[in-house]
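Overview (structure and organization)
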Amino acid sequence: MIKLLIADNHPITRKGLEVLFSATPNIKVVGSLDNGEAILEFLKKNQVDIVLTEADLPKLNGLTLLRYLKNDFPDVKTIILSAQPEEVYAINAIKAGANGYINKSENVITISEAISKVHDGGIYLSNDLTQQLAFGTRVNKGGTFYKKLSTREAEVLKLLTIGKKNKEISKELDINEKTVSTYKARLMRKLKVTNLVDLVNQAKLSKEVS
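An account of the accompanying structure is given in this report. (Residues numbered from 1 in each chain as written. Predicted model: local features only at pLDDT ≥ 70, side-chain atom pairs only at ≥ 80, totals over all residues. Heavy atoms only, no water.)

Quick notes on the packing of helix α8 (residues 151-161) against helix α10 (residues 177-191)
One can describe the packing of α8 onto α10 by two numbers: an axis separation of 10 Å at closest approach and a directional angle of 90°. What the angle tells us is that α8 and α10 run roughly perpendicular. Contact residues: α8 offers Arg-152, Glu-153, Val-156, Leu-157 and Leu-160, while α10 offers Tyr-183, Lys-184, Arg-186, Leu-187 and Lys-190. (Axes fitted to C-alpha atoms, helices over the stretch in contact; angles between N-to-C directions. Helix = DSSP H or I, 4+ residues; strand = E, 2+ residues; numbered from the N terminus. Parallel < 35°, antiparallel > 145°, perpendicular 65-115°, else oblique. Contact = heavy atoms within 4.5 Å.)

So this is what it looks like as structure tokens:
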């Protein structure tokens, strides 16, 4: 029996997943949470095989959460279930410690298959992205840009696009504000912009092109 922890900031999504998995004989939902910090607290006290989590969570977000999970709970596997484009975020999620990435548009059968594959030691990505990686092809300019970013750069950019300030990013990523400014400057150079507003707009445009 696979012990599954669900995390999503939308109650309807969490409840829907719970109901879907209640009919799956080899998967047992052991918890349902709405923020990143709660995941870490839950794992300290409960046995979990796989965390199925949204990338955009309150309190501890996306790639930052993955870093904590990888370091503090190496035996627990993580699958990102997100509405964000796979070709934009999946590779950096895998680099940060995720074992799989699934788009929320997928059906429950695909999600269950991904959980089983990850539980058996595999990595789950869609067939399209797997082929792109295998043959070195890309389907869009946005994906190409994001692939060029380091995991930390993608992390900072993601937090900037949701309105986080330098101080907040510094606290969440456990780095000093000067380092945040350095990453921001690098991102501006790569996106060929000169201010934060244009940086955020360009990042969102790259995502929309995907």
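Quick word on unusual backbone geometry
Located in the positive-phi region is Lys-59, a residue other than glycine, with phi close to 75°. Locating Lys-59 in the fold gives a position in the loop between β3 (50-53) and α3 (62-72). A residue is classified by how much of its surface remains accessible, and Lys-59, at 56% relative accessible area, is exposed. For Asp-174, which is not glycine, the phi dihedral falls at a positive 60°. (Buried < 20%, exposed > 50% of the residue type's maximum accessible area, 1.4 Å probe, protein only.)

Concerning the pairing of strand β1 (residues 2-7)
Taken across its six residues, β1 has five buried, putting it largely inside the fold. Both β1 and strand β2 (residues 27-33) contribute to a ladder of six bridges, which runs parallel. Paired with Leu-5 across the two strands is Gly-31, which belongs to β2. You can see the chain leave β1, run along helix α1 (residues 11-22) and come back into β2, and the turn it takes is right-handed. Two strands pair when backbone bridges link them, and β1 and β3 are joined in this way by four bridges, in the parallel orientation. (Pairing = 2+ DSSP bridges. Right-handed = clockwise from strand over helix to strand, strands pointing away.)

Functional significance is not addressed by these values, which are geometric in nature.
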